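# Structural description and commentary
One letter stands for each residue in the lines below.
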Amino acid sequence: MKKRNLGTTALATILALSLVGCAGGAKTTATTAAPADAKTDVTTEAVKEDSSAGNTAPSGDAKYVLRFGHTLTEQDLPHIYMEKWADSVREKTNGAVEIEVYANAQLGTEEDVIEQIRQGANIGWQTDFARLGSYVNDLSVCNAAYFIDNQEYFTCDTPYGDIRYDIEKFVFFDKAVLSMLKQIDFRPDLIHCHDWETGLIPVFLKTLYGDENYYRGIRTVFSIHNLKFQGRWSLPAVMDITGLPEQIFTADKLESYGEANYLKGGIVYADAVTTVSETYAREITTEQGGEGLDGLLRARKNDLYGILNGLDYEEYDPQKDGYIYNHFNEQNFQEGKKLNKARLQKELGLPVKENTMLIGIVSRMTSQKGFDLVAYIMDELLATEDVQLAVLGTGEEQYQDMFRYFTQKYPDKIQASIGYSEERAHRIYASCDAFLMPSLFEPCGLSQLMSLRYGTVPIVRETGGLKDTVEAYNEYEHTGTGFSFANYNAHEMLGTIRYALSVFRDRKQDWNGLIQRGMKQDFSWNRSAGKYEALYEKLTDFE
């Protein structure tokens, strides 16, 4: 799937929280822990002195100025992505936030701070290259974002993926996050941690740092985006790497089925635990969905919250999306989607047929996403029904080969693009009649939100965030925004697809009602951000 510049992602996350906390008037100051892109070096003084960066100075009207420097050239993709992101921030804030991106920066060292960070974050022999980088605006530390860099751990093609190395890498990162707070004189009211990679931050905060007054009272929120990934490794190795006392590696704390478990540590020690939909929050407390931690999650059910992820309604906007062929809205979607569909069919080499249902799939190709069901009924679906499929994604070889096979067998009915293209993804969301997402489990899911936004009717399995965001069509009450099935069963899915086909073909008014209701849904970050803000205030006793 699409590779992300993790440094950019981390900055965007922290900036968003900071602006809500400071410029927006909320009393809570929050920081989000996320690792930085390994190949990025950042400093404040360097970018002030570098006159060859090639970036224009801000207009002077910006209320917040963030500066970013790196050693790459202006032609390198990270620099290009950062500049695009800077332009987006400038536009969305009407110039209130100015981002300066400096290529070829002559980076300083901030030796005193770095040495203190090294000492505080030391976990052994691989801390010689520790570096603290910072974005600092012109007003206050509340609106600053910080990146932890370590050449030994983070100089790699991907930020994570090999558990053998990730286990030690994120011990360093988690200790560095806490160590840097004293050095930069920033004591947050709350730290929001995400997934197993930051699961030890709440643990360290209440053990190794628990006796220091500076850290006392800092609250933590731990978000689970996918319970399947837990950061598990051998107990002796993790004891040695972390320096944590032996007594916390017990069944009620970090031990899990004979191994150390970072995710479990975050669940046990955080003040509150969140996940990315209400239904998924319930599912993970069951034996079927709990991935071995259901007992612990039931014990913490009073501190467990389900808050949906949101969609960027500026980026995914059918009225101005630069990737799609024709723009449209809730009023003129019939003509707009018709034009987009014909153009996509032509682009894919499919026969241009207005009355043939075009079903889209954009996904990682893994068993979690329900592709075992798709493989089981694909031949029957394509041989018996008047449908076309536009598929985009990459993943496990067995599913890639399955889609290649059916593309060769039914070239007029399915075209699968193995890989990822942001442009193609947007066009599938905007052009298809329906979108298939039959996940085995789905903590939240974003593709169904995108399809609703573009008037493409979702066909989903009732699990996790899919159940929370897609209301099943009711032909008697003329309600709903999509179609759904309950059991993980291939022919139950096929029956639901055939039901959707019959509505598409024979009840156009009802079908158009599904589209219009879906496009009117609000799954932007506005609602979700408010729920997080309320949780932050509850934990920090702000009213």
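Let me begin by describing the structure that accompanies this report.

Moving on to the packing of aromatic side chains. What the rule picks out here adds up to 18 aromatic pairs. Note on Tyr405 and Phe406: the rings are 5.0 Å apart at their centroids and 70 degrees apart in plane angle, and the pair reads as edge-to-face. Clustering of aromatic rings is evident, with ring pairs tying together Tyr473, Phe483, Tyr499, Phe504 and Trp511. Taking the ring centre of Phe504 as reference, the NZ or CZ of Lys508 above it sits at 3.7 Å.

Turning next to the nonpolar core. Of all hydrophobic cores here, the largest spans 71 residues; its most connected members are Met378, Leu389, Phe403, Ile414, Phe483 and Trp511. In terms of residues, this core owes the most to one element, helix α18 (residues 490-506), which gives 8 residues. Those residues in contact with Met378, other than ones at most four positions away along the chain, are Leu389, Met402, Phe403, Phe406 and Ile414. Counting 53 residues, the second largest nonpolar core, distinct from the first, contains Tyr146, Leu181, Tyr262 and Leu296.

Further remarks concern the pattern of salt bridges. Summed over the entire model, instances satisfying the criterion amount to 24 salt bridges. The partner of Asp162 in a salt bridge is Arg164, and the shortest N-O contact between them spans 2.7 Å. Classification of Asp162 by relative accessible area gives partly exposed; the value is 27%. Across the pair Asp317 and Arg453 runs a salt bridge, and its minimum N-O distance is 3.7 Å. Separated by 136 residues along the polypeptide, Asp317 in the loop between β12 (304-306) and α12 (333-348) and Arg453 in helix α16 (residues 447-453) bring together distant segments of the chain. One exposure class covers both Asp317 and Arg453, and it is buried. Each of Glu347, Glu423, Arg424 and Arg427 takes part in a single network of salt bridges with overlapping partners.

In space, the 6 strands of this open sheet follow the order β15-β14-β13-β16-β17-β18, with parallel pairing throughout. Unpaired on one side and paired on the other, β15 (414-418) and β18 (483-485) mark the two borders of the sheet. Across this sheet, the average inter-strand angle for adjacent strands is 15 degrees, counted without regard to direction. Two elements, strand β14 (residues 387-395) and β15, share 5 bridges in a ladder whose sense is parallel. Across the sheet, residue Gly393 finds its bridge partner in β15, namely Ile418. Its contacts with the sheet put helix α13 (residues 371-384) on β13 (357-365), β14, β15, β16 (434-437) and β18, and the angle it makes with β14 is roughly 150 degrees. Packing against the sheet, helix α14 (residues 397-409) makes contact with β13, β14 and β15, and its axis sits at approximately 145 degrees to β15.

Moving on to the packing of α18 against helix α19 (residues 508-520). The axes of two packed helices give the description: the angle between them and the distance between them. Between α18 and α19, whose axes approach to 6 Å, the crossing angle comes to 110 degrees. One way to sum up the angle between α18 and α19 is to call them roughly perpendicular. Here Ala500, Val503, Phe504 and Asp506 of α18 lie close against α19, whose contacting residues are Lys508, Asp510 and Trp511. For the contact of α18 with α19, the residue count by class is 4 nonpolar, no polar and 3 charged.

Mapped onto the elements, Arg461 comes out in strand β17 (residues 457-461). Not counting the four nearest positions on each side in its chain, Arg461 is found in contact with Met437, Pro438, Ser439, Leu440, Leu466, Phe485, Ala486, Asn487 and Tyr488. A polar side-chain atom of Arg461 sits 3.2 Å from the main-chain carbonyl oxygen of Ala486.

Take unusual backbone geometry next. Positive phi is not limited to glycine here, since Asp185 has a value of about 55 degrees. Counting through the fold element by element, Asp185 comes out in the loop between α6 (163-183) and β6 (190-194). The class for Asp185 is exposed, based on a relative accessible area of 61%. Even without a glycine there, the phi angle at Glu291 is positive, about 50 degrees. One can find Glu291 in the loop between α10 (278-283) and α11 (294-299). Judged by its relative accessible area of 32%, Glu291 falls in the partly exposed class.

Let's shift gears to α12. Relative to the 22 Å expected for 16 residues at 1.5 Å per residue, α12 spans 22 Å between its end C-alpha atoms, a close match to the ideal helical length. When α12 is considered as a whole, its buried residues turn out to be Phe333, Gly336, Lys337, Asn340, Lys341, Leu344, Gln345 and Leu348. An end-on view of α12 places all buried positions within 160 degrees of arc, on one side of the element. Buried residues along α12 sit against β13, β14, β15, α15 (422-431), α18 and α19.

A regular strand places its side chains so that they alternate between the two faces of the sheet. Neither face of strand β11 (residues 272-275) is exposed, since Ala272 and Thr274 on one face and Val273 and Thr275 on the opposite face are all buried. Where strand β7 (residues 219-224) meets β11, 4 bridges bridge the pair, whose relative direction is parallel. In the sheet register, Phe222 faces β11, and the bridge partner there is Val273. The pairing of β11 with β12 spans 3 bridges and is classified as parallel. Paired with Thr275 across the two strands is Gly306, which belongs to β12.

Each value, and the rule that gives it
The numbering scheme is per chain: residues are counted from 1 as the chain's sequence reads. It should be noted that, the model being predicted, local features are given only for residues of pLDDT at least 70 and side-chain atom pairs only at 80 or more, the latter also being counted only at that level, while totals for whole chains, interfaces and linings use all residues. Derived side-chain values reflect all non-hydrogen atoms in the structure, with water molecules and hydrogen atoms excluded from consideration. Under the pairing criterion, centres of Phe, Tyr and Trp rings, with the six-membered ring standing for Trp, must be within 6.5 Å; the plane angle then separates stacked pairs below 30 degrees from edge-to-face pairs above 60, leaving the rest tilted. Placement of a charge over a ring requires the Lys NZ or Arg CZ to be within 6 Å of the ring centre, with the centre-to-atom vector within 35 degrees of the ring normal. As used in this record, nonpolar core signifies buried Ala, Val, Leu, Ile, Met, Phe, Trp, Tyr and Cys residues forming a set joined through side-chain atoms within 4.5 Å. With a 1.4 Å probe rolled over the protein chains alone, any residue whose accessible area is under 20% of its type maximum counts as buried; one over 50% counts as exposed, and the rest are partly exposed. Elements are defined by DSSP. Helices are runs of H or I of four residues or more, strands are runs of E of two residues or more, and each kind is numbered from the N terminus. Residue contacts follow a heavy-atom distance rule, with two residues in contact if any of their heavy atoms lie within 4.5 Å. By convention in these notes, a salt bridge is any Lys or Arg side-chain nitrogen within 4 Å of a carboxyl oxygen on Asp or Glu. We call two strands paired when DSSP finds no fewer than two bridges between them. Every angle, taken between N-to-C directions, lies between 0 and 180 degrees, and every axis is a line fitted to C-alpha atoms, over only the stretch in contact when it is a helix. In this scheme, roughly parallel covers angles under 35 degrees and roughly antiparallel covers those over 145, while 65 to 115 is roughly perpendicular and the rest are oblique. Residues are sorted three ways: Asp, Glu, Lys and Arg are charged, Ala, Val, Leu, Ile, Met, Phe, Trp, Tyr, Cys and Pro are nonpolar, and all the rest, Gly among them, are polar. Think of a polar contact as two N or O atoms within 3.5 Å of one another; within protein, one of them needs to be a possible hydrogen donor and the other a possible acceptor, and neighboring residues in sequence only count if both atoms come from side chains. One fewer than the residue count of a helix, multiplied by 1.5 Å, yields its expected span. By arc we mean the arc of the directions from the helix axis to the C-beta atoms, nothing more.

In short, shape yes, function no, at least from these values alone.
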